[in-house]
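# Coordinate inspection notes
In case you want the letters, here they are:
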Amino acid sequence: MELTLEIKNKGNFDTTLYNIIKVIPENKIYNFEHGLRTPMTIYDRARERVVKAFEELLKVLRIEKGSKFQSIDWECIDSKHKELLDSLMAFVDDGFNIIKCLYPLAREVKKEKSSVEWLKAVEYKLISECARKVYTYRKKIGLIDNKIKHEHGRYQHLEFSFSYYEVYGFYIDSVDREGVFQPDEEIHPKFNGIRTAISYNKDLRELLVNYYLIAEQFSNTISKIIYKEHGVRLNVEYYSYEENDRIIKVVKNINQ
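So, here's what we can say about the structure.

Cut-off values and rules
Residues numbered from 1 in each chain as written. Predicted model: local features only at pLDDT ≥ 70, side-chain atom pairs only at ≥ 80, totals over all residues. Heavy atoms only, no water. Buried < 20%, exposed > 50% of the residue type's maximum accessible area, 1.4 Å probe, protein only. Helix = DSSP H or I, 4+ residues; strand = E, 2+ residues; numbered from the N terminus. Lys, Arg positive; Asp, Glu negative; His and termini not counted. Salt bridge = Lys/Arg side-chain N within 4 Å of Asp/Glu carboxyl O. Polar contact = N/O pair within 3.5 Å; in protein donor to acceptor, adjacent residues only side chain to side chain. Contact = heavy atoms within 4.5 Å.

## Here's the deal with unusual backbone geometry
Backbone geometry follows two general trends: most residues other than glycine have a negative phi, and most peptide bonds adopt the trans configuration. Positive phi is not limited to glycine here, since H152 has a value of about 60°. Using a relative accessible area of 65% as the deciding quantity, one classes H152 as exposed. Residues other than glycine seldom take positive phi values, yet N192 does so here, at roughly 55°. You can see N192 is positioned in the loop between strand 3 (181-183) and strand 4 (198-199). On the basis of relative accessibility, which here comes to 67%, the residue N192 falls in the exposed class.

## Things to note about the side chain of D78
Among the structural elements, D78 can be located in helix 4 (residues 74-100). Despite its burial, D78 pairs with no opposite charge; the closest candidate is R154, at 8.4 Å N-O. Within polar-contact distance, the side chain of D78 engages the side chain of H157 at 2.6 Å.

## Describing the environment of S67
Positionally, S67 belongs in the loop between helix 3 (39-64) and helix 4. With relative accessibility at 23%, the residue S67 sits in the partly exposed group. Taking the C-alpha atoms as reference points, S67 and E159, separated by 92 residues in sequence, lie 11 Å from one another. Setting aside its immediate chain neighbours within four residues, S67 contacts I72 and Y168.

Written out as structure tokens, the structure is:
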């Protein structure tokens, strides 16, 4: 999986969702009818939580780098990693909240607490397609999150040692029928009959790419909705973003 960000194409290193929200006509937004903030405010808050979660986890991992395995504050790392997963789950929820702002309350078919279910009742085909694609990237995030919240899964940690460096990793545990703790096979499928775990190096890269790909699915869906509902094609423009340096720093730290 590869992700390329080029500032020359859209003016920033933010997601495509940022630029598409910028060009939604104000008279095509119905957020107040739903008791929601504006799409850009929803996005700004969701993005800030995700970026901050990456920064905080990377900071702790950098501080602990080179420490003896037994002396590392794993509880702190677990907490920061869990917040990153929670922030990405919330980003998905807010993506659907943003899309809900594009439909007037008068389109309501039935009352639904969930924005995605409300939207499916209004526009089943487009929303179902978006949800299916988004959940492809959200699946493992949600799986880990739910195992910890609802099935008593716990982080267990490992150190992978190579000639010149060490790499830290984790797995979420579960209990087999004999009462033995092992990596949860839904999250960590076996490879050639061998149990697996996840390195933070791979995990952080994958989560960052998934964040951008989730945002892209939402931006594509918004373009389709605006065209279908109003016959307007959204032309994404070149927008600057004041905090490009934060995103660059996250990417650099992930690759160190």
